[in-house]
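Here is how the chains run, residue by residue.
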Amino acid sequence: MNQNNLLEILKNNRLMQTEAQITNFENTLIYIAENPNENDLSAYHLILDDQCQQPEVMFSLIHFLESFDMEKQITAFIEVVPQLMITAPEWTRIIHNRILNDELACQVYQNLLHSANLNTPHFLYHLLEESIINKLQVRESVLT
């Protein structure tokens, strides 16, 4: 099955309102995880939806996203964050916080957000960058 069909299955089942949708989502994600395509990282992020009825199953998508190269995953997240904030503000916050809680990921995130702000300024990028700075300042004050 091609990647577009697999992405469509995830999209169509992402709310997980029935057992069949949960099974379809889980099985498709397992299949994709066996043959991941980093070119679809942005699309994988956009599967997230706050209306999902099974957040523990949706967390498997978060873990799948985190299995990719950190810089590529964070770059994809930054690219889609304006769209993701519309359909999945809670999942966006979760990913953002998970990145902030990893020191190396946080540094990569800060650098990529800074570049994004220079290349394609967006108020969300600015807000996210400020939250990183605030997090780092709190971290420094705790250490001193």
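Rules of the game
Going along each chain's sequence as written, the residues are numbered from 1 onward. Where local features are concerned, this predicted model is filtered to residues with pLDDT of at least 70; where side-chain atom pairs are given and counted, the filter is 80 or more; whole-chain, interface and lining totals use all residues. Where side-chain values are given, they derive from all heavy atoms of the structure, hydrogens and water being excluded. Throughout this description, the term nonpolar core refers to a set of buried Ala, Val, Leu, Ile, Met, Phe, Trp, Tyr and Cys residues connected via side-chain atoms within 4.5 Å. Accessibility here uses a 1.4 Å probe with only protein chains present; expressed as a share of the type maximum, an area under 20% marks a residue as buried, one over 50% as exposed, and anything in between as partly exposed. Runs of H or I in DSSP of at least four residues are treated as helices and runs of E of at least two as strands, each being numbered from the N terminus. Two residues form a contact once any of their heavy atoms are found within 4.5 Å. For Phe, Tyr and Trp, rings pair up if their centres lie within 6.5 Å, where Trp contributes its six-membered ring, and each pair is then called stacked (planes under 30 degrees apart), edge-to-face (over 60) or tilted (otherwise). To estimate the expected span of a helix, count its residues, drop one, and scale the result by 1.5 Å.

With 43 residues, the main nonpolar core has Phe-25, Leu-48, Leu-61 and Tyr-109 as its most contacted residues. Among the secondary structure elements, those contributing two or more residues to this core are helix 1 (3-13), helix 2 (19-34), helix 3 (41-45), helix 4 (55-66), helix 5 (70-87), helix 6 (89-100), helix 7 (103-119) and helix 8 (123-143). If we ignore the near neighbours within four places in the chain, the residues touching Tyr-109 are Ile-74, Phe-77, Ile-78, His-96, Ile-99, Leu-100, Leu-128 and Ile-132.

Take the environment of Glu-130 next. With respect to the helices, strands and loops of the structure, Glu-130 is situated in helix 8. For Glu-130, a relative accessible area of 39% translates into the label partly exposed. For the pair Glu-130 and Val-80, spaced 50 residues apart in sequence, the C-alpha separation works out to 18 Å.

On to the packing of aromatic side chains. Within this structure, the stated rule accounts for five aromatic pairs. Plain terms: the ring middles of Tyr-44 and Phe-64 are 5.1 Å apart, the flat faces sit at 70° to each other, and that makes the pair edge-to-face. On the criterion of sequence distance, the pair formed by Tyr-44 in helix 3 and Phe-64 in helix 4 is long-range, its members being 20 residues apart. On the accessibility criterion, Tyr-44 (0% relative accessible area) is buried. When the ring of Phe-59 is compared with that of Trp-91, the centres are 5.1 Å apart and the planes differ by 75°; the resulting orientation is edge-to-face. Residue Phe-59 is located in helix 4, and its partner Trp-91 is located in helix 6; the two are separated by 32 residues in the primary sequence. By way of ring pairs, the aromatic residues Tyr-44, Phe-64 and Phe-68 are connected into one cluster.

For helix 4, which comprises 12 residues, the first-to-last C-alpha distance of 16 Å matches the rise-based estimate of 16 Å (1.5 Å per residue) to within 8%. Regarding helix 4, the residues found buried are Val-57, Met-58, Leu-61, Ile-62, Phe-64 and Leu-65. The secondary structure elements touched by the buried residues of helix 4 are helix 2, helix 3, helix 5 and helix 6.

These figures come from the coordinates and say nothing about function on their own.
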